[in-house]
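# Topology and contacts: notes
Letter by letter, the chains look like this.
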Amino acid sequence: FLRALSATVAPKLATGRLSIELKFRAKGARTEYSGTHSLWYVDASNQAAFVASTGVLTITVAGATNTCTLPAWARYDLIELSVQCGGSLATVVKYRLNSGSVTSLAITGTALGTHATGDVYLFSTNAGQHLSCWAYAAAFYAPGAPSWAS
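Okay, so let's go over this structure.

## A closer look at the sheet that holds strand β9 (residues 103-104)
The antiparallel open sheet is built from five strands, whose spatial order is β9-β8-β7-β2-β11. Every other strand in the sheet has two partners, leaving β9 and β11 (133-141) as the edge strands with one partner each. Where strand β2 (residues 17-26) lies against β11, eight bridges are found, and the strand directions are antiparallel. Residue A26 lies in a different strand from β11, and its bridge partner there is C133.

See below:
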């Protein structure tokens, strides 16, 4: 399991907003995966997971949710995601495939509350929903986004 310890992440969540960048190479096309896969997980009320067949990403903060639809990708594509959620501000999700142009995703739902602190599991929960990929980066911002997504 990849895990960012609470002591490392907590200072970045001071405003209750999680700003995270994930960069990974998929071991399969999005549609080659089955079921639900986690991007990050603190607990059942603070996580992000997508359904492979539809691409719907559900971001959960303090038990409330926002959704958006991830793009299709091919096996071995490089996916870069930037997500800012919580802190009672609008959720922002941006991505780029294979270092191409940046795309902002349309978010369904209202601003989310305070994101919980705790250990953050990356690309799985602590018990399942594993995303088979090569992870290149997981960065936390307080607040903000990577330069490519600004």
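## Digging into the packing of aromatic side chains
The final tally for this structure, using the stated rule, is four aromatic pairs. Between Y76 and W134, the ring centres sit 6.0 Å apart and the planes meet at 35°, which makes this aromatic pair tilted. Residue Y76 is found in the loop between β6 (64-69) and β7 (78-86), and its partner W134 is found in strand β11; the two are separated by 58 residues along the sequence. Classification of Y76 by relative accessible area gives partly exposed; the value is 46%. The rings of F24, F50, W73 and F123 are connected pair by pair, giving a single aromatic cluster. Taking NZ or CZ as reference, K27 lies 4.8 Å from the ring centre of W134, over its face.

## A short note on the sheet that holds strand β3 (residues 36-43)
The strands making up a sheet are joined through hydrogen bonds of the backbone, oriented either antiparallel or parallel. The six strands lie next to each other as β1-β10-β3-β4-β5-β6, forming an open sheet whose pairing is antiparallel. Only two strands of the sheet have a single neighbouring strand rather than two, namely β1 (2-4) and β6. Each strand of the sheet is rotated relative to its neighbour by a mean of 15°, with strand direction disregarded. Of the pairings in the sheet, the one linking strand β4 (residues 46-51) to strand β5 (residues 56-61) comprises four bridges and is antiparallel in character. Across the sheet, residue Q47 finds its bridge partner in β5, namely T60.

## Description of the nonpolar core
Formed by 35 residues in total, the largest nonpolar core has its most connected members in L39, W40 and I59. Looking at this core, the elements that each hand over two or more residues are β2, β3, β4, β5, β7, β8 (92-97), β10 (120-122) and β11. Tallying contributions element by element places β2 first for this core, with five residues. If we ignore the near neighbours within four places in the chain, the residues touching I59 are W40, Q47, A48, A64, T65, N66, V83, C85, T91, V93 and L112.

Rules used in this analysis
Residues numbered from 1 in each chain as written. Predicted model: local features only at pLDDT ≥ 70, side-chain atom pairs only at ≥ 80, totals over all residues. Heavy atoms only, no water. Pairing = 2+ DSSP bridges. Helix = DSSP H or I, 4+ residues; strand = E, 2+ residues; numbered from the N terminus. Phe/Tyr/Trp six-rings, centres within 6.5 Å; stacked < 30°, edge-to-face > 60°. Buried < 20%, exposed > 50% of the residue type's maximum accessible area, 1.4 Å probe, protein only. Lys NZ or Arg CZ within 6 Å of the ring centre and 35° of its normal. Axes fitted to C-alpha atoms, helices over the stretch in contact; angles between N-to-C directions. Core = buried A, V, L, I, M, F, W, Y, C linked by side-chain atoms within 4.5 Å. Contact = heavy atoms within 4.5 Å.

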